[in-house]
Amino acid sequence: MTSVLYDVPGPRARRRNLIGSILGALVILGLLWLGYKRLDDNGLIGSHVWEVLTVPDLWEALGRGLLATLKAAALAAVLAVLLGAVLTALRLSPSRWLSWPAAVFTEIFRGLPVLLLMYFPFVIWTDVSPFTGVVIGLTLYNGCIIAEILRSGVAALPSGQREAGLAVGLTPVATLRAIEFPQAVRIMLPTLVSQIVVLLKDTSLGYIVTYEELLSTVRNMRNYYSAQVTDNFEIYGSQVLFPIFIAGAAIYIAVNMTISQVASWLARRGNKKAAAAPRRTADVEANTAGG
Amino acid sequence: MDALVDNLDLILKGFWTTIQLTVVASIAALLLGTVLGTMRVSPIPPLRWLGAAYVEIVRNTPLTLVFFFMVFVAPQVDIVVEFKTSAYVALSVYTAAFVCEAVRSGINSVSTGQAEAARAIGMTFSQSISTVILPQAMRSIIPPLINIFVALTKNTSVAAGFFVTELFASGRDLNLRHPSDGLWFLGGVAFFYLLITIPAGIAASQLERKVAIAR
């Protein structure tokens, strides 16, 4: 679609684009060089601090951190989907006594920072573990977002689906469970998967509420290695944080990119299959801005 | 309740910091995000790649990591700024990636006839983008943009973990000082967040409905 914004370039435009490309490339190279210079000026190029990346213990610790991150994310994702399904069912119920509280609950919890929701359990029960705090915070917030996603998925279905279910004698709840939810999940699958990326990113808030996940591991390993004396009695110093941080960031980005790729693959597949499914825009898409 | 009323000035002070963080980062992210969004649809390949790489990397990085970089890693290469400045930069850099995507999908939502007409009367890329496409794209950009700024408001709370006493941090610190009244403080903090997020969310969905009918 973007190509419609400009003509197929003629000789003059091609020349201009070439000049632009070269200038653009020069700007990018310039930025990279500035970054390199920064590192060099601070003695990080060719420095032995990078050797810390060859220490197996470091990777083992980072692996444990990643595992803790994934553990919290996986548990919270399952619980959030359950909470989302229950909230959607309540919200779509014909009784106001059920739909109203569900609507208020959703509006409140998706309007609050995840960090605040992670902190509440510590105030209510003083002896709660950081893991529990993180999982409760993530579940409450993402459960409400997932409820919104499922609700717009159900709303996108033709009304005949529900009517048919009721006509063959299923109860409203059974209709929702057996007919509407499976289709809604299929329509909204890409959005649901990208919400998992948001959830996974938010586990890093565990760093602030003292849950030992990947980012906390990066900090702890800095403290550990900056005080270490290696075989040849060289001390890494505080600059060892730089390579460890790069390793931690690379792990985060690799995991999230993989899940994002799955989401966009699902979206492409969905678009090919059914162009008929209505596109839900801002409401749901921007929710992925959370986190 | 009394404890909350007695310490309301501290909560309000934190709320003011949260508003500052939100407003400054919104403006910076809007500018940077629009530039990046335009780069992503431009005819010059290196600019397109730069825009795409920025979005891919930043969107897949947790905000906490960006904060951590600004506060702990950047000083290792001799970039030392105030904690509040770090918060401004981290929030702007992070939010810009989402603004960029909103701008890009807004541009894609303008019907192709408009771009073709602009081209047909001989406009260049920058002319058609600035006078024909972007003004129309604004309609469909604004509702998601509001949602992005709502998310930004909530995200400012991450600064609490990195030495900025904003709304959440003021509630947390009060809780540490008077643990028996903890729920009051966090409830007060929650109230002030909802004061921004709920009206803004309603505004976004109403605007979206308005735009949808007009199309």
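Scroll up a little and you will see the structure.
Residues numbered from 1 in each chain as written. Chains lettered and ligands numbered in written order. Predicted model: local features only at pLDDT ≥ 70, side-chain atom pairs only at ≥ 80, totals over all residues. Heavy atoms only, no water.

**Topic: the overall build of chain A**
No. 1: Along chain A, the regular secondary structure elements total 10 helices and zero strands.
No. 2: Moving toward the C terminus, one meets the helices and strands of chain A in the order α-α-α-α-α-α-α-α-α-α. (Helix = DSSP H or I, 4+ residues; strand = E, 2+ residues; numbered from the N terminus.)

**Regarding the environment of Phe242 of chain A**
No. 1: Its place among the elements puts Phe242 of chain A in helix H9 (residues 241-273).
No. 2: Separated by 193 residues in the primary sequence, Phe242 of chain A and Val49 of chain A place their C-alpha atoms 8.4 Å from one another.
No. 3: For Phe242 of chain A, the contacting residues outside a window of four places in its chain are Leu39, Leu44 and Trp50 of chain A together with Val73 and Val77 of chain B. (Contact = heavy atoms within 4.5 Å.)

**Section: the packing of aromatic side chains**
No. 1: Enumeration over the complete set of coordinates arrives at 18 aromatic pairs over all chains.
No. 2: Each ring, one from Phe131 of chain A and one from Tyr211 of chain A, has its centre 5.6 Å from the other, and the planes form 50°; the classification is tilted. Here Phe131 of chain A is found in helix H5 (residues 130-155), whereas its partner Tyr211 of chain A is found in the loop between helix H7 (172-202) and helix H8 (214-226), with 80 residues between them in sequence.
No. 3: You can call Tyr211 of chain A buried: its relative accessible area is 8%.
No. 4: Between Phe245 of chain A and Phe69 of chain B the ring centres are 5.5 Å apart and the planes differ by 45°, which places this aromatic pair in the tilted class. With Phe245 of chain A in helix H9 and Phe69 of chain B in helix H4 (residues 63-73), the pair connects residues from two separate chains.
No. 5: Among the residues examined, Phe245 of chain A registers a relative accessible area of 6% and is labelled buried.
No. 6: Assessed through its relative accessible area of 30%, Phe69 of chain B is described here as partly exposed. (Phe/Tyr/Trp six-rings, centres within 6.5 Å; stacked < 30°, edge-to-face > 60°. Buried < 20%, exposed > 50% of the residue type's maximum accessible area, 1.4 Å probe, protein only.)

**A few points about the pattern of salt bridges**
No. 1: In total, this model carries nine salt bridges over all chains according to the counting rule given.
No. 2: The partner of Glu101 of chain B in a salt bridge is Arg40 of chain B, and the shortest N-O contact between them spans 2.8 Å. In this pair, Glu101 of chain B is assigned in helix H5 (residues 83-109) and Arg40 of chain B in helix H2 (residues 8-40), connecting sequence segments 61 residues apart. Taken as a pair, Glu101 of chain B and Arg40 of chain B share a single burial class, namely buried.
No. 3: A salt bridge links Arg172 of chain B to Asp173 of chain B, with the shortest nitrogen-to-oxygen separation between them at 3.5 Å.
No. 4: With a relative accessible area of 27%, Asp173 of chain B lands in the partly exposed category.
No. 5: Each of the salt bridges in this network shares a partner with another, and the network as a whole consists of Arg91, Glu148 and Arg151 of chain A. (Salt bridge = Lys/Arg side-chain N within 4 Å of Asp/Glu carboxyl O.)

**Regarding the interface of chain B and chain A**
No. 1: The interface is formed by 65 residues belonging to chain B together with 60 residues belonging to chain A.
No. 2: For the pairing of chain B and chain A, the buried interface totals around 5,400 Å² over both sides, and the portion due to carbon and sulfur atoms is 70%.
No. 3: Broken down residue by residue, the surface that chain B buries against chain A is led by Asn60, Gln76 and Arg119 of chain B, which jointly contribute 13%.
No. 4: Between chain B and chain A we count zero salt bridges in total.
No. 5: Counting every contact that joins chain B to chain A gives 12 residue pairs in polar contact (both at pLDDT 80 or more).
No. 6: When contributions to the side of chain B that touches chain A are tallied by element, the ones reaching two or more residues are helix H3 (45-59), H4, H5, helix H6 (112-120), helix H7 (125-155), helix H8 (167-177) and helix H9 (182-214) of chain B. (Buried area = accessible area lost by both parts, 1.4 Å probe. Polar contact = N/O pair within 3.5 Å; in protein donor to acceptor, adjacent residues only side chain to side chain.)

**Points about the packing of H2 of chain B against H5 of chain B**
All names here are of chain B.
No. 1: Contact geometry for H2 and H5: axes closest at 6 Å, N-to-C directions at 45°. When the axes of H2 and H5 are compared, the pair comes out oblique. Our pair here, H2 against H5, has a crossing hand that is right-handed.
No. 2: Residues of the contact of H2 with H5, tallied by class, amount to 15 nonpolar, seven polar and four charged. (Axes fitted to C-alpha atoms, helices over the stretch in contact; angles between N-to-C directions. Parallel < 35°, antiparallel > 145°, perpendicular 65-115°, else oblique. Left-handed = near helix turned anticlockwise from the far one by under 90°. Nonpolar A, V, L, I, M, F, W, Y, C, P; charged D, E, K, R; others polar.)

**Structural notes on H4 of chain B**
No. 1: Among the 11 residues that make up H4 of chain B, 10 are buried, leaving the element largely enclosed by the rest of the structure.
No. 2: Along H4 of chain B, the residues that are buried comprise Leu63, Thr64, Leu65, Val66, Phe67, Phe68, Met70, Val71, Phe72 and Val73 of chain B.

**As for the nonpolar core**
No. 1: In terms of nonpolar packing, the biggest core is built from 131 residues, with Leu5 and Leu116 of chain A together with Phe67, Phe68, Ile107 and Phe162 of chain B touching the most fellow members.
No. 2: A total of 13 residues in this core trace back to one element, the largest contributor, which is H5 of chain B. (Core = buried A, V, L, I, M, F, W, Y, C linked by side-chain atoms within 4.5 Å.)

**Describing a nonpolar patch on the surface**
Residue and element names in this part refer to chain A.
No. 1: There is a patch of nonpolar side chains on the surface, built from Leu18, Ile19, Ile22, Leu23, Leu26, Leu29 and Leu32 and spanning about 720 Å² of accessible area.
No. 2: By the secondary structure assignment, Leu29 is in helix H1 (residues 11-41).
No. 3: For Leu29, a relative accessible area of 52% corresponds to the exposed category. (Patch = residues over 30% accessible without salt bridge, like charges linked within 9 Å, V, L, I, M, F, W, Y side chains within 5 Å. Areas by Shrake-Rupley, 256 points an atom, 1.4 Å probe, with all protein chains shown as cover.)

**Some details on the side chain of Ser26 of chain B**
No. 1: One can find Ser26 of chain B in helix H2.
No. 2: Ignoring sequence-local partners within four residues, the contact set of Ser26 of chain B consists of Phe149 and Leu152 of chain B.

**Quick look at the environment of Lys71 of chain A**
All names here are of chain A.
No. 1: Checked against the element boundaries, Lys71 lands in helix H2 (residues 56-91).
No. 2: When its relative accessible area of 52% is taken as the criterion, Lys71 is described as exposed.
No. 3: Excluding its chain neighbours within four sequence positions, the residues that come into contact with Lys71 are Phe131 and Tyr211.

**Thoughts on the packing of helix H4 (residues 114-124) of chain A against H8 of chain B**
No. 1: Remark: H4 of chain A packs on H8 of chain B, axes separated minimally by 11 Å, with the N-to-C direction vectors making an angle of 10°. Comparing their axes, H8 of chain B and H4 of chain A come out roughly parallel. Here Leu115, Leu116, Tyr119 and Val123 of chain A of H4 of chain A come into contact with H8 of chain B, specifically with Phe168, Arg172, Asn175 and Leu176 of chain B.
No. 2: When its residues are assigned to classes, the contact of H4 of chain A with H8 of chain B shows six nonpolar, one polar and one charged.

**Side note on the environment of Leu192 of chain A**
All names here are of chain A.
No. 1: In this structure, Leu192 sits in helix H7.
No. 2: For the pair Leu192 and Ile145, spaced 47 residues apart in sequence, the C-alpha separation works out to 9.3 Å.
No. 3: Not counting residues within four places of it along the chain, the set of residues in contact with Leu192 comprises Ile146, Ile149 and Val185.

Just geometry here; none of it tells us what the structure is for.
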